[in-house]
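Structure at a glance
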Amino acid sequence: MSEGLQATIHFTVNGEPRSVTAHPLTRLLDILREDLGLTGTKEGCGEGECGACAVLLNGEVVNSCLIPILQLQDSAITTIEGLASNSTGRYLQEAFVACGGAQCGICTPGMIVAACNLLERTPHPSDDALRDGLSGNLCRCTGYTRSFEAVRVAASKLGKVAAR
Ligand code: FES
Ligand code: FES
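Residues numbered from 1 in each chain as written. Chains lettered and ligands numbered in written order. Predicted model: local features only at pLDDT ≥ 70, side-chain atom pairs only at ≥ 80, totals over all residues. Heavy atoms only, no water.

Judged by pairing direction, the sheet is mixed, and its five strands sit side by side in the order S2-S1-S5-S3-S4 without closing on themselves. Every interior strand has two partners, whereas the edge strands, strand S2 (16-22) and strand S4 (60-63), have only one. Averaged over neighbouring strand pairs, the angle between their axes works out to 40° when direction is ignored. Helix H1 (residues 28-35) rests against strand S1 (7-13), S2, strand S3 (54-57) and strand S5 (76-78) of the sheet, and its axis sits at about 75° to S1. Across the sheet, helix H4 (residues 108-121) touches S3 and S4, and the angle it forms with S3 is around 40°. (Pairing = 2+ DSSP bridges. Helix = DSSP H or I, 4+ residues; strand = E, 2+ residues; numbered from the N terminus. Axes fitted to C-alpha atoms, helices over the stretch in contact; angles between N-to-C directions. Contact = heavy atoms within 4.5 Å.)

Spelled out as structure tokens, the structure:
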């Protein structure tokens with residue numbers, strides 16, 4: 001990486017306008033954690049394999065360790081912190097704790113980002129859709145059963161709230 005090269009990128013993070021100046025190949029993951037102090041997004045593999053660093057980029061789940069900031073001009077990023085104010089994100093966080101879907105917690109923010117995206121597109125996912133929706137998120141601790149249960153619990157709670 002040529003150290004002198006810099007780019008200024010304007011984008012939104014969790015709805016707030018942000019500008020960062022950095023080498024154009026700087027990873028979104030590092031901008032979030034180091035420049036913006038949003039440490040909820042975790043680094044696992046750093047190679048696009050585990051999903052721990054997942055965020056939403058213009059509404060799509062991406063691994064932020066693979067996204068250079070040069071791709072982000074005028075984009076909208078949502079991190080796990082931004083999902084705390086959204087009822088789907090909040091119910092998911094509560095259900096992951098209640099169901100034991102969060103153990104060491106490294107995978108949990110990325111898992112919740114992916115699950116939130118899944119439930120907003122498919123409010124009542126089948127088991128196959130659930131497995132597919134979380135297939136990019138690896139967990140070394142839970143064996144997935146509890147994480148999948150947490151997503152089902154959150155989906156059911158959201159369904160009850162919507163039916164009121
Ligand atoms: Fe980004 Fe693993 S840290 S996919
Ligand atoms: Fe530890 Fe998933 S809870 S990696």
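What follows covers H4. For H4, with 14 residues, the first-to-last C-alpha span of 20 Å sits near the 20 Å given by 1.5 Å per residue. A large share of H4 lies buried, amounting to twelve of its 14 residues. When we look at burial in H4, the residues that qualify are Thr108, Pro109, Gly110, Met111, Ile112, Val113, Ala114, Ala115, Cys116, Asn117, Leu118 and Leu119. (Expected span 1.5 Å × (residues − 1). Buried < 20%, exposed > 50% of the residue type's maximum accessible area, 1.4 Å probe, protein only.)

For the rest of this paragraph, the subject is the packing of aromatic side chains. Counted by the stated rule, this structure contains one aromatic pair. Ring geometry for Tyr144 versus Phe148: centroids 6.1 Å apart, planes at 40°, classification tilted. On the basis of relative accessible area, Tyr144 is assigned to the partly exposed category, the value being 26%. (Phe/Tyr/Trp six-rings, centres within 6.5 Å; stacked < 30°, edge-to-face > 60°.)

This part takes up the pattern of salt bridges. Applying the stated rule across the entire model yields seven salt bridges. Between Arg27 and Glu43 there is a salt bridge, and its shortest N-O distance comes to 3.0 Å. Here Arg27, found in the loop between S2 and H1, pairs with Glu43, found in the loop between H1 and S3; they are 16 residues apart in sequence, far enough to count as distant. Overall, Glu43 belongs to the partly exposed group, its relative accessible area being 38%. (Salt bridge = Lys/Arg side-chain N within 4 Å of Asp/Glu carboxyl O.)

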